[in-house]
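Results of the structural survey
These are the residues of each chain, in order.
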2 protein chains.
Amino acid sequence: MADVAARAGVSAMTVSRALKLGSTVSAATRARIMQAVEDLGYVLDLTAGTLSSKRTGFVAVLIPSLNNSNFSDTARGIGHRLEGSGLQMLLGATDYDLLKEEELVEAMLRRRPEAIVVTGGRHTERARRQLAAAGIPVVEMWDLPEAPLEHVVGFSNAAAAGAMVEHLHGCGYRSIAYIGGSTDRDTRGTDRRRGYERAVRELKLPAGLTIACGAPPIAMQQGGEAIVDLLGRHPEVDAVLCVSDLSAFGALAECQRRGWAVPGRLAIAGFGDFELSRCCHPRLTTVSVDAAGIGEAVGDLLLRAVTSGRDKAPLPPQTLRTPFTVTARETS
Amino acid sequence: MADVAARAGVSAMTVSRALKLGSTVSAATRARIMQAVEDLGYVLDLTAGTLSSKRTGFVAVLIPSLNNSNFSDTARGIGHRLEGSGLQMLLGATDYDLLKEEELVEAMLRRRPEAIVVTGGRHTERARRQLAAAGIPVVEMWDLPEAPLEHVVGFSNAAAAGAMVEHLHGCGYRSIAYIGGSTDRDTRGTDRRRGYERAVRELKLPAGLTIACGAPPIAMQQGGEAIVDLLGRHPEVDAVLCVSDLSAFGALAECQRRGWAVPGRLAIAGFGDFELSRCCHPRLTTVSVDAAGIGEAVGDLLLRAVTSGRDKAPLPPQTLRTPFTVTARETS
DNA sequence: CTGTTAGCGCGTTCAG
DNA sequence: CTGAACGCGCTAACAG
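Structural notes, computed from the coordinates. Predicted model only: the values in this text are computed from it and were never measured.

1. A closer look at the overall build of chain A
For chain A, the helix and strand inventory stands at 13 helices and 12 strands. Taking the principal axes of its C-alpha atoms as reference, chain A extends roughly 85 × 40 × 30 Å. Looking at chain A as a whole, 55% of its 332 residues are labelled buried. A sequence separation of at least 24 residues applies to 69% of the contacts in chain A between residues at least 6 apart. Summing over all exposed atoms, chain A offers an accessible surface of approximately 13600 Å²; the carbon and sulfur share of this is 51%.

2. A closer look at the nonpolar core
Residues I268 of chain A together with I268 of chain B are the most contacted members of the largest nonpolar core, which totals 152 residues. Filtering out sequence-adjacent residues up to four positions away, I268 of chain A remains in contact with V240, A248, A251, L252, C255, V262, L284, T285 and T331 of chain A.

3. Some points on the pattern of salt bridges
Inspection of every chain in the model, using the stated rule, returns 46 salt bridges over all chains. Among the ionic pairs, D229 of chain A bridges to R233 of chain A, the shortest N-O distance being 3.1 Å. Here the residue D229 of chain A and the residue R233 of chain A both occupy positions in helix 10 (residues 220–233), the gap between them amounting to 4 residues, near one helical turn. The exposure class assigned to D229 of chain A is partly exposed, which follows from its relative accessible area of 32%. The shortest N-O distance in the salt bridge between D95 of chain B and K100 of chain B comes to 3.3 Å. On the basis of relative accessibility, which here comes to 21%, the residue K100 of chain B falls in the partly exposed class. Through salt bridges with shared partners, a single network forms among E38 of chain A together with E102, E106, R110, R126 and R129 of chain B.

4. Here we look at the protein's contact with DNA strand C
As a matter of local geometry, DNA strand C sits amid 22 residues, with T14 and T29 of chain A together with S16, Y42 and S52 of chain B nearest to it. Side-chain polar atom of T29 of chain A to a phosphate oxygen of DNA strand C: 2.4 Å apart, as the coordinates give it. A48 of chain B is positioned with one of its backbone polar atoms (N or O) 3.2 Å from a base nitrogen of DNA strand C. Residue assignment for the surface near DNA strand C shows that the elements contributing at least two residues are helix 2 (12–18) and helix 4 (46–53) of chain A together with helix 2 (12–18) and helix 4 (46–53) of chain B. In terms of residue count, the dominant contributor to the surface near DNA strand C is helix 4 of chain B (5 residues).

Conventions adopted
- Residues numbered from 1 in each chain as written.
- Chains lettered and ligands numbered in written order.
- Predicted model: local features only at pLDDT ≥ 70, side-chain atom pairs only at ≥ 80, totals over all residues.
- Heavy atoms only, no water.
- Helix = DSSP H or I, 4+ residues; strand = E, 2+ residues; numbered from the N terminus.
- Buried < 20%, exposed > 50% of the residue type's maximum accessible area, 1.4 Å probe, protein only.
- Contact = heavy atoms within 4.5 Å.
- Areas by Shrake-Rupley, 256 points an atom, 1.4 Å probe, with all protein chains shown as cover.
- Core = buried A, V, L, I, M, F, W, Y, C linked by side-chain atoms within 4.5 Å.
- Salt bridge = Lys/Arg side-chain N within 4 Å of Asp/Glu carboxyl O.
- Near = heavy atom within 4 Å.
- Polar contact = N/O pair within 3.5 Å; in protein donor to acceptor, adjacent residues only side chain to side chain.

Quick look at the structure:
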């Protein structure tokens, strides 16, 4: 920056000002500075600026998986809202692992984000402590925790799964199974299973029809294996709810391979409303959750929270419920 | 850090040493320091450390889209290899837009990454200049540019598409169409189309069977629309190669909806070997490219290049060709 | 509108 | 094995 300043015949401070928006530098001076910047190929060093301004200009966002269109849609929604705000999004993937989340939280906090977003309401004790002590806005998304850390943008995964069970019941199905993961790694998946179990109980439908098919994230292939296992053990089943659209699609494709009519022999429902579900044949009945909308809401909230924080007027904890709907299509 | 030092009865310097691996601090002192760190909930500030050590501890990775399992698999591969190396991956998505890539390159360079990875071999002039001037290792991946910036990990998209055309020709198909984007935004898509056109020419097959279906990224729905358009205009077509598995799947599902037998009426081939293609029914013929392997190779290269750079012995430009294969399945 | 001074919170370097 | 002085590259705060 000193080199640029010398070349433009000004002080470093003036260069610093010229390089940031909304500053008071005369047009002529700015032009000379910009020319010097171009000539020298200078690129501002934010790490130094950060140290004196105490603003890093980024927010940390932790999602379970990059390769899940629900979460990448949410991440895109956040990034979209943050565009042009001077806040960049730094993405981390936890692989559905709370310990990895804990590590990532610390790794992110070391870089001093201006806010942090985590997925879900369950975290390790250490992660909770660090998040609470970080002194920055914290958002939990894709869930409705009972004891939130601070801000929340999400919906009840249990209620959403329950709504789907009620829908299937309303369609006349009476033996409704559930396909999900075999561990509690995916906490949203666990909540969905609980919501399913509760709905089945309340509707007085047969219980014990839960198939656990390996460690989350449950992918298409596991859905296919699970449906074969399920119908082998419980041939009376006439509908199945899957933890996500991916496993539901795997189940659907396997049924097609085996000549089991969907929905004739068996109805299939997914969760998440992936693009896949709108395009496959037959189109998949699913729970729509507006993943991009969650991201946009989180982005807006981040903007408000970070701005308030700078003005020393912390935003009171917000809880935003996002909608979910049962989208009945051709597999039920 | 001064607070921690005071509490542990040592100097700040000793705390700094205790907090990083492979340093020379006595066990007793370290224990006291760690206790103080826990008591105070102290989290190291990397932004400050970065300034004096001149090592930011992260590498920038730019991919076209988060929501594309090929690229997210690659990103995961990179992250996996970087784990435990002290290098973190900072991900950016360009939305298949070279101008957005240019902006992201500058935004990343402002934070002084120790290396940068970009997708593809085409960039704006300004981005090329900045990458070349950054003084850090640069990797281009998912392509085999003729004039690489420095390191390359990838394959020829044109050759891969050509190989699929030859495969279809070998199966006896004689009127082979192509479905892809209508702009050159997706430069890998453009290369695939060129590879297709060249192969068709060399095999003396009918030309003019290219369907452009909107701005990339081409998703499932566009594949479905394109196949209807295609067969309406060129009923003689007996096989189609799609720019990616997503559009191929969309085309497949639309054929099923309309009762067009695949591969009886029409063969369909995709590109990328997404999980979807291995699971759908019928299983999709595609070009397999080992997206995760590309990521792992990039990760290894980054480790070597960054280490060499620190020792003032820059790694000579590397070019790694990654394999692709035609995976014949049930749609051809 | 522009310059000067001081300092952000660490790690490097050297001395003990 | 530990400590002290110094500076990384920039921006806040104030003065002019």
